[in-house]
Amino acid sequence: MADRRRPLKTVTGVSGAVSIYDAAIDPTTSTVTSAIDVAKTAEANKIDGLFAADLLSFGAQGAIGAQEPLIFLAALSAVTTHVGLIATVTTTFHHPFNLARLFGTLDHVSNGRAAWNAVTSSLGEENYSDLDLPSPEERYARAAESLEVVNALFDSWKPGALTRGEGSAVLDPSRVVPIEHRGKYFTVQGPLNIPSLPQRRPVQFQAGQSAGGIELGARFAEVVFTSLATFEDAVTYTKTIRARAAELGRGDELPLIFSSFHATYGATETEVERLVREAEESTDFDAGRTRLADMFGGDVDFSELPLDRPIPESLLPDPSSVNRRRGRVEIFGKLASQGKTLRELIIASKDTGHWAAAGTPEQLADAIEERYDAGVLDVITLGDLADPRTRDFVTNGLLPELRKRRIVGTDYVGGTFRENLELPPLPPVSST
């Protein structure tokens, strides 16, 4: 067994519940009510972070895009004290000066618990202009410049700019320095017009597994959000991105690997087998053909193919030719090349390429422990705590089992999210 590293850190989702729609038509209820319950449950069980996803088009993947993540998490910051607040926000349709102010403010109002999951977006362009979605190369280039600008703005307040005086803060304006950025996409004079942050910078998450996503994550991310369906995928990905991060001078600890975990669970193996069988039998294969087409970029027609034969290779797109979600195209292209039938691929697409496992709490803990001990899992999602059955499984089954094995910690270890994740120190900021 590998030497133990930092304890495995835990996250739960906090946005996207269909109950948002119920709350929206109830004048006595806020759309954040169910999320408050999840947030308090997460904090009571010492879960490290709340993850707010986002999409930018109506109807895309259900209710997930129904609430703006930063405002949603700001509301939750008022009813929690320790749990981290991870907001998914795109670089493709936002300006970096606004991003720095928004995330900086969230870090202040939460006393140092903000995190930004930076994405480049694969949809929503129709709501921002009449132009087509930029290519992945263009989106990642813009993202890299956005992150450069945002980090420079966070560091524009130099050490000693704000100190404690007798009865009030003392500001030294000479230590608040313009960044004078002029790049391909942005011109930003700076400095940031809000005070230096409790964490100096919010924790930097990033999602994206294509070549462009790996390069961006290796350069900037402290935590990468991944879809690693198999142990072998996790090993390969971790070696690739950590090696590139080391080449960029970031050492061998970063980025942390954050995997979602789609669990089918039961008290006994018999119950697990029944639940897996029932889930497969209830699959809507007509809707599944459309969902699988989306995994391949949206331009493939599976409507006439037989369910129990492999997909003809001629139908599979080259990932480099796809403008949306290249990482998913690579994941499902690999499965198709292994001879999976259309039926098997449709069933797999329910998990959208994420890590999925079925078992008792002990068996699921075994799967988690394997990745943790191999050094390819640092942060994990634990399921939807708004669902009573999942909540019981997580709080009374999986978490206790992981803690019994000393994989997951028993308490928060610091005052900020950065401290609770036990991240390496940020590089020093120049005093001038």
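See the structure above.
A quick note: this is a predicted structure, and the numbers were derived from the prediction, not measured. (Residues numbered from 1 in each chain as written. Predicted model: local features only at pLDDT ≥ 70, side-chain atom pairs only at ≥ 80, totals over all residues. Heavy atoms only, no water.)

### Details of the environment of S57
(1) Moving on: You can see S57 is positioned in the loop between β2 (49-52) and α3 (69-77).
(2) Moving on: For S57, a relative accessible area of 16% gives the class buried.
(3) Moving on: Along the chain, S57 and G124 lie 67 residues apart, while their C-alpha atoms are 5.1 Å from each other.
(4) Moving on: If we skip the residues at most four places from it in the chain, S57 touches L123, G124, E126 and N127. (Helix = DSSP H or I, 4+ residues; strand = E, 2+ residues; numbered from the N terminus. Buried < 20%, exposed > 50% of the residue type's maximum accessible area, 1.4 Å probe, protein only. Contact = heavy atoms within 4.5 Å.)

### Some words on the packing of aromatic side chains
(1) Moving on: Counted under the stated rule, the structure contains 12 aromatic pairs.
(2) Moving on: Consider the rings of F51 and F225, whose centres lie 5.2 Å apart with planes at 40°: the pair is tilted. Placement of F51 in strand β2 and of F225 in strand β10 (residues 223-226) is noted, with a sequence separation of 174 residues between them. One exposure class covers both F51 and F225, and it is buried.
(3) Moving on: Here F225 and F258 contribute two aromatic rings whose centre-to-centre distance is 4.7 Å and whose plane-to-plane angle is 45°, an arrangement assigned as tilted. With F225 in strand β10 and F258 in strand β11 (residues 256-259), this pair connects stretches of sequence that are 33 residues apart. Accessibility classification places F225 together with F258 in one group, the buried group.
(4) Moving on: Cluster of aromatic residues (ring-pair linked, three or more members): F51, F205, F225, F258 and F417. (Phe/Tyr/Trp six-rings, centres within 6.5 Å; stacked < 30°, edge-to-face > 60°.)

### Examining the sheet that holds strand β4 (residues 114-119)
(1) Moving on: Read around the barrel, eight strands follow the order β1-β2-β3-β4-β9-β10-β11-β14 and close on themselves; strand pairing throughout is parallel. With strand direction ignored, the average angle separating the axes of adjacent strands in the sheet is 25°.
(2) Moving on: As paired elements, strand β1 (residues 9-13) and strand β14 (residues 379-381) share three bridges and run parallel to each other. Among the inter-strand pairings, V11 is bridged to a residue of β14, identified as T381. (Pairing = 2+ DSSP bridges. Axes fitted to C-alpha atoms, helices over the stretch in contact; angles between N-to-C directions.)

### Quick look at helix α5 (residues 136-154)
(1) Moving on: Compared with an ideal rise of 1.5 Å per residue, which puts 19 residues at 27 Å, α5 spans 27 Å between its outermost C-alpha atoms and is within 8% of the ideal.
(2) Moving on: With 14 of 19 residues buried, α5 lies mostly within the body of the structure. (Expected span 1.5 Å × (residues − 1).)

### Here's the deal with the pattern of salt bridges
(1) Moving on: Tallying each qualifying case throughout the model produces 23 salt bridges.
(2) Moving on: Salt-bridge contacts for R6 lead to D378; the nearest nitrogen and oxygen are separated by 4.0 Å. With R6 in the segment before β1 and D378 in the loop between α12 (361-373) and β14, this pair connects stretches of sequence that are 372 residues apart. As far as burial versus exposure is concerned, R6 and D378 are alike and both buried.
(3) Moving on: Among the salt bridges present, the one from E422 reaches K9, with a minimum N-O distance of 2.6 Å. (Salt bridge = Lys/Arg side-chain N within 4 Å of Asp/Glu carboxyl O.)

### Side note on the packing of helix α6 (residues 211-220) against helix α7 (residues 231-247)
Packed helix pairs are specified by the crossing angle of their axes together with the interaxial distance, meaning the distance between the axes.
(1) Moving on: Contact geometry for α6 and α7: axes closest at 8 Å, N-to-C directions at 50°. Considered as vectors, α6 and α7 are oriented oblique to each other. The hand of the α6/α7 crossing is right-handed. Between α6 and α7, the contacting residues are I214, E215, G217 and A218 on the first element and Y237, T240, I241, R244 and A245 on the second. (Parallel < 35°, antiparallel > 145°, perpendicular 65-115°, else oblique. Left-handed = near helix turned anticlockwise from the far one by under 90°.)

### Thoughts on the pairing of β4
(1) Moving on: Taking burial as the measure, the six residues of β4 include six buried ones, the bulk of the element.
(2) Moving on: Judged by which residues are buried, β4 turns out to be covered on both faces: A114, W116 and A118 on one side and A115, N117 and V119 on the other are all buried.
(3) Moving on: Judged from the six bridges that link them, strand β3 (residues 84-90) and β4 form a sheet pairing that is parallel. By the bridge assignment for β4, I86 is matched with A115.
(4) Moving on: In this view, the connection linking β3 to its parallel neighbour β4 by way of helix α4 (residues 96-109) has right-handed handedness.
(5) Moving on: Looking at chain direction, β4 and strand β9 (residues 203-207) are connected through four bridges and run parallel. (Right-handed = clockwise from strand over helix to strand, strands pointing away.)

Geometric values such as these leave the question of function open.
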